[in-house]
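Examination of the molecular architecture
Chain residues, written in single-letter form:
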Amino acid sequence: GGTPLCRSILRSAVDKFCGMAPNALGHAQLLIDFLEFTPRSSIQFFPTRGNAGGEELDEKQKEEVIPVAFAAFHLQPLIECFANVPGGGLNPAVASNAIIPVVENLLLLQATSRSGLAGYLWKKRDLEDHIDHAFLLAKKALFCSDVEKRKFAATLLVALLRVASVASSLHDIRATSTWCPVIDELRGCLRRCITQHQPSVRIEAYSSLVSVLPSSAIAVFGSTQSQDSVSPHPNVSGVTTTPLRSPNERGRAHVSQAGQKAIINIVSDVFLSQLERYVTTPQEDSRDREARRQRAINIGSQLSQMETGENRDDGISMPFRFEACISTRPINRMDNKSKGGKPKKSSPVGQTLLEEATGRINEPLSHLFASSSAASSLDPQGELRRCMDRIRNRMAHCNDIDSYLKWVESCKQIVGINDDAKRTEEMAVTKLATLVVVANVADVLIGTTNFNDENDNPQVTNYESTDQIVERLFNLRSDAITRAVEIMSSFVNVKPKREAKAPKKSKDVVGTNHDSESKAKNGEVYQTKLAKTSDVNPATVARNQKLIEDVLSLCPALPLEFIAPAFRKFGALASASKKTNRNDSDDEDNLQSNFSRLIYNMPFRRFIITKSLLLVSGASTVIRAGSRFCSIPSNPIAAYMSLGPLL
């Protein structure tokens, strides 16, 4: 690491990816290759305490030779490369995908290697200085107007938060007093990313938070030996706490169990505080109330609000605060006109309304709930898991779609519009955005149920109750889609009537009817309006149904642990066995149960098939602990072998 050859390779690589070279990403990945390289022939030249050679080094120390050299000699120049991101010298994607993982690993190495091989190569305060320097550069990139640079800042903040939480987990009073203020500052800056920036920046922050979680405590696709999954390591159970190190993980920092637990607690607190911004609490026990008040003291405002009104204590009221995640800004569509001056071909009315509605959604609640579910699975008895169960139960009990739309009719920004046509259009767009959010959240919450675990929900004690929750959530999703299609199909384009030609007036008069009419003929101020209609075309309904389904397909994928049992329980085999085992006399009794209704519910079976095809084809986002959002399961062969026969 300290040889002239190594410095020369690093210098040429830095010149490439800091100079916006076309092959910048390839040169930046050389850093990752360095960490995975173990020079067995040069270990004897590495300085150690008490011995001049490397014969007494164990396997772990031999793997960390190059990372330790990087952390001792080249960490500061790598952090200084981040200063080129706000100015445009370094591509944010290159920094996020290649440089940040290397810097994070080197910082973790300094945080965990307090003694032995690496304890004397850097000072005690070097780690704090490096984190402070990187934190300042992240805050500088956070205030850039470019979305990609803000994504880079969110990724860097999460990496620094992970290092600080691991450093604070050491059994040292000085470490606790030193890192607690740093963690609070990092969380405050990260909170700005997930509350005030664009939805894409928030999704990047959620992806980074899920990726820093340890993947050993849970593997979403096949960590345990069951008929639903096949483990790649048959001798390892799903409850192991020490992760297996693959060959490509050689040379990376080892995080202790205390450090992993600290990471889980920090990430769970971030997700829990984010959920509380959008969820109401109609009733809560003393333990949840005290925990909520303590978080309010530590974090600040914008926590969940107690619901007021007659439905406060019934437990079935609408659980979300849509005004916090859906914008009610006025519609301001630009004139559709090409460069040549001719008007562009107008889009269908339903597509225009749907695009405007999806643009109103500030918070990607589906990704937030899926990420929270992945984090809560690492701690089944934690507070985040109880919060997710409570939200799922409340949404399943409040299955009236009209209760989710009441807030639109009382919104002051919409009701205060004087123009009736404009007010009707604004209300339709806001309702459409609300319905899309409800359908996405119901989709994700359906996948959080577990048919194989009776302890999945404290309030669910048998399969009948689990089936009832799934049925109610699916019916709510279907009602939201149906209502959204009705809103999209109830508007048509109406051209305003042109006024008769006014007599020609003098040229010195400005703003006459003749001038406005001539501008209308040139396509400058002429614009169609939307109006409600009761005459609905079936072809329009079918087209709008397809548009809604395309939008909902962007929702995160359902986990394999839900899809495979759902196939066996409600699929064709279950339907055939149900028909052979029942008599004509008890048909009516069988159809009364949720289990029977789901078996004969063809839209629900079609929903399961569609979700499984999206999963195996890579068309939907897979969210699992220990990795970033991607389109491929962690063990794709196990997923394909499990779902193939079922399909």
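Residues numbered from 1 in each chain as written. Predicted model: local features only at pLDDT ≥ 70, side-chain atom pairs only at ≥ 80, totals over all residues. Heavy atoms only, no water.

**A closer look at a negative patch on the surface**
Rules: Only residues whose relative accessible area exceeds 30% and that form no salt bridge enter a patch; like-charged residues are grouped when within 9 Å of one another, and nonpolar side chains (Val, Leu, Ile, Met, Phe, Trp, Tyr) when within 5 Å. Per-residue and other accessible areas follow the Shrake-Rupley method at a 1.4 Å probe size, with only the shown protein chains counted as cover for residues. In what follows, salt bridge is the name for a side-chain nitrogen of Lys or Arg lying within 4 Å of a carboxyl oxygen of Asp or Glu. His is not counted here, nor are the chain ends, while Lys and Arg score as positive and Asp and Glu score as negative. A single reference atom marks each charge: NZ on Lys, CZ on Arg, CG on Asp, CD on Glu. Strands here mean DSSP runs of E at least two residues long; helices mean DSSP runs of H or I at least four residues long; both are numbered from the N terminus. For each residue, the accessible area found with a 1.4 Å probe, counting protein chains only, is set against the maximum for its type, and the residue is called buried under 20%, exposed over 50%, and partly exposed in between.
A contiguous patch of negative charge on the surface is contributed by D129, D132, D184 and E185. Counting residues per element, the ones that place at least two in the negative patch are helix 8 (126-142) and helix 10 (173-196). Summarising the element assignment, D184 is placed in helix 10. With a relative accessible area of 51%, D184 lands in the exposed category.

**Some thoughts on the packing of aromatic side chains**
For the record, the criterion: For this analysis, a ring pair means two rings from Phe, Tyr or Trp (six-membered ring only for Trp) whose centres lie within 6.5 Å, classed as stacked if their planes differ by under 30 degrees, edge-to-face if by over 60, and tilted for the remaining angles. Only when the NZ atom of a Lys or the CZ atom of an Arg is both within 6 Å of the ring centre and within 35 degrees of the ring normal do we say a charge sits over the ring.
For the structure shown, the criterion picks out ten aromatic pairs. For the pair F320 and F369, a centre-to-centre distance of 6.0 Å together with 90° between the ring planes defines the contact as edge-to-face. Note that F320 is positioned in the loop between helix 13 (286-298) and helix 14 (349-360) and F369 in helix 15 (residues 365-376), a separation of 49 residues in sequence. Grouping residues by exposure puts F320 and F369 together as buried. Taken together, the ring pairs connect F320, F322, F369, Y404 and W407 into an aromatic cluster. Taking the ring centre of F135 as reference, the NZ or CZ of K139 above it sits at 4.6 Å.

**Looking at the packing of helix 11 (residues 199-211) against helix 12 (residues 257-275)**
Using the following cut-off: What counts as an axis is a line fitted to C-alpha atoms, over the stretch in contact for a helix, and the angles between N-to-C directions run from 0 to 180 degrees. Throughout, a crossing is termed right-handed when the near helix is turned clockwise from the far one, and left-handed when it is turned anticlockwise from it by less than a right angle. Whether two residues are in contact is decided by their heavy atoms, any of which lying within 4.5 Å being enough. Three classes are used: nonpolar for Ala, Val, Leu, Ile, Met, Phe, Trp, Tyr, Cys and Pro, charged for Asp, Glu, Lys and Arg, and polar for all others, with Gly counted as polar.
Where helix 11 meets helix 12, the closest approach of the two axes is 10 Å, and the angle between their N-to-C directions is 150°. For the element pair helix 11 and helix 12, the recorded crossing hand is left-handed. The residues of helix 12 that touch helix 11, namely those facing Y206, L209 and V210, are V267, V270, F271 and Q274. Along the lines of polarity and charge, the residues of the contact of helix 11 with helix 12 split into six nonpolar, one polar and no charged.

**Points about the environment of S403**
Test applied: N or O atoms closer than or at 3.5 Å make up a polar contact, with two conditions inside protein: a donor-capable atom paired with an acceptor-capable one, and, for residues adjacent in sequence, both atoms drawn from side chains.
Tracing the chain through its elements places S403 in the loop between helix 16 (383-397) and helix 17 (406-409). Along the chain, S403 and M318 lie 85 residues apart, while their C-alpha atoms are 6.4 Å from each other. When near neighbours in sequence (up to four residues on either side) are disregarded, S403 contacts M318 and C398. Only 2.6 Å separates the side chain of S403 from the backbone oxygen of D400, close enough to count as a polar contact.

**Section: the confidence of the model for the protein**
Here is the rule we go by: For every residue, the predictor reports its confidence as pLDDT, a number between 0 and 100.
When pLDDT is averaged along the protein, the result is 75; 68% of the residues meet or exceed 70. Ranking the elements of the protein by mean pLDDT puts helix 21 (residues 513-521) last, at 45, and helix 11 first, at 94. Every residue in residues 218-248 scores below 50 in pLDDT, and together they form 64 contacts with partners more than four places removed in sequence or on other chains. Low pLDDT (under 50) marks residues 454-464, which in the prediction has 24 contacts with non-local residues, meaning those over four places away or in another chain.

**Some thoughts on the pattern of salt bridges**
Close approach of charged atoms lets side chains of opposite charge pair. Under the criterion given, the structure shown has 19 salt bridges. In this structure, E471 engages R597 in a salt bridge whose closest nitrogen and oxygen atoms are separated by 2.7 Å. With E471 in helix 20 (residues 463-489) and R597 in helix 26 (residues 594-599), the pair connects residues that are 126 residues apart, well separated along the chain. For E486, the salt bridge goes to R483, with nearest N and O atoms at 3.9 Å. Linking E486 with R483, this pair stays in helix 20, spanning three residues, or about one helical turn. Relative accessible area serves as the criterion here: at 25%, R483 is assigned to the partly exposed category. Among the ionic contacts, a cluster of salt bridges with common partners joins E356, R360 and E426.

**Some points on helix 2 (residues 24-35)**
Residues spaced three or four apart along an α-helix point in a common direction, a consequence of the helix completing one turn every 3.6 residues. What counts is decided by this rule: By definition, the arc is the one covered by directions from the helix axis to the C-beta atoms.
Buried residues of helix 2: A24, H27, A28, L31, F34 and L35, and no others. An end-on view of helix 2 places all buried positions within 125° of arc, on one side of the element. Close packing links the buried residues of helix 2 with helix 1 (4-17), helix 4 (65-73), helix 5 (75-80) and helix 7 (92-112).

**Details of helix 1**
We count it as follows: Each residue after the first adds 1.5 Å to the expected span of a helix.
When the terminal C-alpha atoms of helix 1 are compared, their 20 Å separation across 14 residues agrees well with the 20 Å that a helix rising 1.5 Å per residue should span. If you check which residues of helix 1 are buried, you get C6, L10, A13 and F17. Around the axis of helix 1, the buried residues are gathered within 65° of arc, so they sit on the same side. Facing away from the buried surface of helix 1 by more than 90 degrees, the exposed residues are P4, L5 and D15. In this fold, the buried residues of helix 1 make contact with helix 2, helix 4 and helix 7.

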